[in-house]
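# Secondary and tertiary structure notes
Residue strings, one per chain:
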Amino acid sequence: MNKKVLLFTGAAVLVLALGLAIGYGIKPSAPAANMTVKSIPEGELNPEVWGKYYPDQYASYLKNKEMTQGNSKYGGSAKFDRLERDPMLKTLFSGYGFGQDYTKDRGHIYAIQDVLDTKRKKPSASCWTCKGPEVPGLINQMGDAYYTASFDSLKDKMHYSVSCADCHDPKTMDLKITRPAFIEGLKAMGKDPNQLTRQEMRSAVCGQCHVTYYFAPKTNKVIFPWANGMNVDQISKYENDQKFSDWTMPDTKTPMAKVRHPEYEMFSSSVHAANGVSCADCHMPYVKEGQSKISSHHWESPLNTISQSCQSCHKQSEDYLKKQVIDVQDKTNQTQMAAEKSIVAAIDAIKKATNDPKADPKLLEEARQLHRDASFRWDFVASENSTGFHNPTEALRVLGEAIDLGHQAEMKATQAMSPKQ
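Below is a summary of the structure that appears in this document. (Residues numbered from 1 in each chain as written. Predicted model: local features only at pLDDT ≥ 70, side-chain atom pairs only at ≥ 80, totals over all residues. Heavy atoms only, no water.)

Scanning the chain for helices and strands turns up 18 helices and six strands. By the compact-globule yardstick of 22 Å for 421 residues, the chain fits well, its C-alpha radius of gyration being 24 Å. Each of the 421 residues in the chain was classed as buried or not, and the buried ones make up 46%. (Helix = DSSP H or I, 4+ residues; strand = E, 2+ residues; numbered from the N terminus. Rg over C-alpha atoms; globule rule 2.2 N^0.38 Å. Buried < 20%, exposed > 50% of the residue type's maximum accessible area, 1.4 Å probe, protein only.)

Structure representation (structure tokens):
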């Protein structure tokens, strides 16, 4: 075989490999361009100072101040009252802070102001854990006393909202896990946090905060409930086995557990994750900023950057891709509403049974457990900030279980009130 044939064959193989990579959504993890690394002064947390060393990244970061709906039907950074938009939430979170105040957060740059503004009770300084770059230093300094300190006692120590130092090593600019709970969560699953690939790190730095968690009783330590695994069934079983509850619903006497924005958990079992795509590939696409091609630090819906976020893998038109996303979200939202109605009906039935002195206590307890499990699954999707798109098949599966468990809870409560034979 002559050299020309060998050269042609090698080129053909390379083109085929690249085509397969693009077709199956595998994105390169190499930086957009060679960047001169500039070390940040030791202990510096102010993003404005970091911006003097990396002005283009900082310029994109400042765009987070814009609060818009953008092209997203269900997302966006604009603030709104979830309880006003969906009154059933008041029943679903009856007796808990989310039933009195459940406002859509505006995003990273407003994290401190939004947690200060919420009317929900802040049980301890644990509520500061993901709000800004000063927290890791406080945890190192205070140890477990950080988690039991009062929320207000650390208020004056929080000067900068989520920014550069939360995700980057100041000397090397390498991605860095700064929240201990994430490291402990990985270890609980038998994973070595020091062995994550660069592409895995491009999701992990998001996953250290975009997860569900709970505060351990007495210590208020932040716990990622991953000992059994990261899907909703494994997390629900873990919290059930721990007999953990955030609150007891007053009308039903059900011990309830609240889910918090499990984006990392849902995404981790998605088709995108299976094909090597990271959170940053879609939410921080490579863009032109100033004189540089950088990974955008304007965290927003990929629907606002379809060309950069989606079309590097998917070759359909922007309009087609947007319609596909909205279609998934519409179906998820419709199923989510059906789950809410199912659980509200269960709450009504359990409330009646609770007020019936002749109700069978064993059947009533079974109804309460079914209610808790139904609510946990519904909330796993409802509180996850993608309206199902991070993992469409899993979202619909989980909501289907929530509907079924809600119906079972209603029937069990009704059975508990039936005359004894």
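Resuming the write-up.
Scanning the model with the defined rule gives 20 salt bridges in all. Where Arg377 meets Asp233, a salt bridge forms, and the shortest distance between an N and an O atom there is 3.3 Å. Taken together, the positions of Arg377 in helix α17 (residues 361-382) and Asp233 in helix α11 (residues 232-241) put the pair 144 residues apart, joining distant regions of the chain. (Salt bridge = Lys/Arg side-chain N within 4 Å of Asp/Glu carboxyl O.)

Moving on, we get to the environment of Ile139. Within the secondary structure layout, Ile139 lies in helix α7 (residues 135-142). Owing to a relative accessible area of 10%, Ile139 belongs among the buried residues under this scheme. On a C-alpha basis, the gap between Ile139 and Pro180 in space is 8.7 Å, while along the polypeptide they are 41 residues apart. In this structure Ile139 touches Tyr146, Tyr147 and Pro180, once residues within four positions along its chain are discounted. (Contact = heavy atoms within 4.5 Å.)

For the rest of this paragraph, the subject is the packing of helix α16 (residues 318-354) against helix α18 (residues 392-416). Two numbers describe how α16 lies on α18: the axes approach to 8 Å, and their chain directions differ by 20°. Classed by the angle they form, the pair α16 and α18 counts as roughly parallel. Crossing hand, α16 versus α18: left-handed. Classifying every residue of the contact of α16 with α18 by side-chain character gives 17 nonpolar, seven polar and two charged. (Axes fitted to C-alpha atoms, helices over the stretch in contact; angles between N-to-C directions. Parallel < 35°, antiparallel > 145°, perpendicular 65-115°, else oblique. Left-handed = near helix turned anticlockwise from the far one by under 90°. Nonpolar A, V, L, I, M, F, W, Y, C, P; charged D, E, K, R; others polar.)

Grouped together as the largest cluster of nonpolar side chains are 69 residues, with contacts concentrated most on Trp128, Tyr146, Phe182, Trp226 and Trp378. Listed in part, the six residues of the second largest apolar core include Ile306, Leu321, Val325 and Ile326. (Core = buried A, V, L, I, M, F, W, Y, C linked by side-chain atoms within 4.5 Å.)

Time to look at the environment of Pro285. Mapped onto the elements of the fold, Pro285 is located in the loop between α14 (279-283) and β5 (286-289). For Pro285, a relative accessible area of 5% gives the class buried. In this structure, the C-alpha to C-alpha distance between Pro285 and Asn46, residues 239 residues apart in sequence, is 24 Å. In this view, Pro285 contacts Ala280, Ile294, Ser295, Ser296, Thr305, Gln308 and Ser309; residues no more than four positions away in its chain are not counted.

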